[in-house]
Amino acid sequence: MNPKVSMIMAVRNKEAWIADTISSILEQTMEDWELICVLDGSTDSTEKVIRHFNDPRIKIHSTYDNRGCGVALNIATHFALADILVPTSGDDLYIKTKLEVITKYFEKFPQTDIYYGAFWRGNALGVPVKVKMPEPYEKGKLLTFVNEDHVNQFIPHGFCAYGSNVGLTVPYKENRKVGIDFPFFVDCEKQGYRFGCSDDVLGIYRIFPSQVSQASREEIWAEDKKMVEEANANPRK
């Protein structure tokens, strides 16, 4: 029998953080899940840390070299067995009711294709700093800018979930090694998928100065801006 939820994770060199993340997953009140970890060319002991948990619900695959987060998540999607897919970071912490909240939301609102919730921003130790409440989805909002140098990335990738039909029809961009969440959601909107959100806090988004996404932020924003301009020039009919 297939699990109710498939958590998909692209992970590279997270030996210092991955144990905390998986521990928070193992504490979930909804236990009918699988965690698909795709090692994206890790050169540290990340794989060893994951295998230490020895839980049959945790499944490990590998790209064998650093092919990027998009490639790794597409591989994870290919192996996923559940009807609900939950992108999962290798360094964040999750509230124990996260999966329960997600599954109940889809049961209550079956017309929803993509769900997202609230989360705490935290420091490297996982200490909550500030809660980020979800902004209600508005059609076309993903194709606008908050200001001149940043795209309105109001859907938190690590605190969302979507139907397997979405994952199979909207692949992650494989030409970007980081910052793959915003292009994914733009493509979902362009295909007409329906978004929904709640104020339930799902976890803690831990921020590290050394993160690749932090170090490459200006480059990512420039790429996102170009992508949105192209999307606006060729709107979905």
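Residues numbered from 1 in each chain as written. Predicted model: local features only at pLDDT ≥ 70, side-chain atom pairs only at ≥ 80, totals over all residues. Heavy atoms only, no water.

## Here we look at the overall build of the protein
For step 1, the next point in the chain: If you tally the helices and strands in the protein, you get 8 helices and 11 strands.
For step 2, the next point in the chain: Counting every position in the protein, which comprises 237 residues, the buried fraction comes to 50%.
For step 3, the next point in the chain: Counting only contacts in the protein whose residues sit at least 6 apart along the sequence, the fraction spanning at least 24 positions is 76%.
For step 4, the next point in the chain: Summed over all atoms, the accessible surface of the protein reaches about 11,700 Å², with 52% contributed by carbon and sulfur. (Helix = DSSP H or I, 4+ residues; strand = E, 2+ residues; numbered from the N terminus. Buried < 20%, exposed > 50% of the residue type's maximum accessible area, 1.4 Å probe, protein only. Contact = heavy atoms within 4.5 Å. Areas by Shrake-Rupley, 256 points an atom, 1.4 Å probe, with all protein chains shown as cover.)

## Let's talk about the pattern of salt bridges
For step 1, the next point in the chain: Taken as a whole and judged by the stated rule, the model has 10 salt bridges.
For step 2, the next point in the chain: Among the ionic pairs, lysine 59 bridges to glutamate 34, the shortest N-O distance being 2.6 Å. Here glutamate 34 lies in strand β2 (residues 33-39) and lysine 59 lies in strand β3 (residues 58-62), a separation of 25 residues in the sequence.
For step 3, the next point in the chain: Relative accessible area serves as the criterion here: at 30%, lysine 59 is assigned to the partly exposed category. (Salt bridge = Lys/Arg side-chain N within 4 Å of Asp/Glu carboxyl O.)

## With respect to the side chain of serine 89
For step 1, the next point in the chain: Here serine 89 lies in the loop between β4 (84-87) and β5 (93-94).
For step 2, the next point in the chain: At a separation of 2.6 Å, a polar atom in the side chain of serine 89 contacts the side chain of aspartate 91.
For step 3, the next point in the chain: Contacts of serine 89, omitting those with residues within four sequence positions, involve Met9, Thr21 and Tyr94. (Polar contact = N/O pair within 3.5 Å; in protein donor to acceptor, adjacent residues only side chain to side chain.)

## Quick word on the pairing of strand β11 (residues 195-206)
For step 1, the next point in the chain: The pairing of β5 with β11 spans 2 bridges and is classified as antiparallel. Pairing of leucine 93 across the sheet is with isoleucine 204, part of β11.
For step 2, the next point in the chain: In this sheet, β11 lies alongside strand β6 (residues 114-122) in parallel orientation, the contact comprising 7 bridges. Bridged to tryptophan 120 within β11 is isoleucine 204. (Pairing = 2+ DSSP bridges.)

## Observations concerning helix α1 (residues 18-26)
Side chains three or four residues apart in an α-helix point the same way, a direct result of the helix having 3.6 residues per turn.
For step 1, the next point in the chain: Taken as a whole, α1 has its buried residues at Ile18, Thr21, Ile22, Ser24 and Ile25. One face of α1 carries all of its buried residues, which in axial projection span an arc of 155°. (Arc of directions from axis to C-beta.)

## Remarks on the environment of isoleucine 75
For step 1, the next point in the chain: With respect to the helices, strands and loops of the structure, isoleucine 75 is situated in helix α3 (residues 69-79).
For step 2, the next point in the chain: Along the chain, isoleucine 75 and proline 171 lie 96 residues apart, while their C-alpha atoms are 9.8 Å from each other.

## Structural notes on the environment of alanine 76
For step 1, the next point in the chain: Tracing the sequence through the fold places alanine 76 in helix α3.
For step 2, the next point in the chain: Taking relative accessible area as the criterion, alanine 76 reaches 0% and is therefore assigned buried.
For step 3, the next point in the chain: Sequence-wise, alanine 76 and serine 62 are 14 residues apart; in three dimensions their C-alpha atoms are separated by 9.5 Å.
For step 4, the next point in the chain: With sequence-adjacent residues up to four places away left out, alanine 76 is seen in contact with Ile8, Met9, Ile36 and Val38.

## Looking at the packing of aromatic side chains
For step 1, the next point in the chain: Under the criterion given, the structure shown has 11 aromatic pairs.
For step 2, the next point in the chain: Each ring, one from tyrosine 137 and one from phenylalanine 195, has its centre 4.4 Å from the other, and the planes form 20°; the classification is stacked. Taken together, the residues span a long stretch of sequence, with tyrosine 137 in the loop between β7 (128-132) and β8 (145-147) and phenylalanine 195 in strand β11 at a distance of 58 residues.
For step 3, the next point in the chain: With a centroid separation of 4.4 Å and 15° between ring planes, the pair formed by tyrosine 172 and phenylalanine 184 is classed as stacked. Of this pair, tyrosine 172 sits in the loop between α5 (164-169) and α6 (181-190) while phenylalanine 184 is found in helix α6, placing the two residues 12 residues apart along the sequence. Considered together, tyrosine 172 and phenylalanine 184 belong to a single accessibility category, that of buried residues.
For step 4, the next point in the chain: Joined through ring pairs, the aromatic side chains of Tyr137, Tyr162, Tyr172, Phe184, Phe185 and Phe195 make up one cluster. (Phe/Tyr/Trp six-rings, centres within 6.5 Å; stacked < 30°, edge-to-face > 60°.)

## Let's talk about the state of the cysteines
For step 1, the next point in the chain: For the structure shown, the criterion picks out 0 disulfides.
For step 2, the next point in the chain: Cysteine cysteine 188 is unpaired, with the sulfur of cysteine 160 as its nearest cysteine sulfur at 8.7 Å. (Disulfide = S-S within 2.5 Å.)

## Comments concerning the pairing of β3
For step 1, the next point in the chain: Taken together, the 5 bridges between β2 and β3 define a ladder with parallel strand orientation. Its bridge partner lying in β3, leucine 35 is registered against isoleucine 58.
For step 2, the next point in the chain: Crossover handedness for the path β2 to helix α2 (residues 46-52) to β3: right-handed. (Right-handed = clockwise from strand over helix to strand, strands pointing away.)

Note that every value here comes from positions in space, so none of it alone points to a role or purpose.
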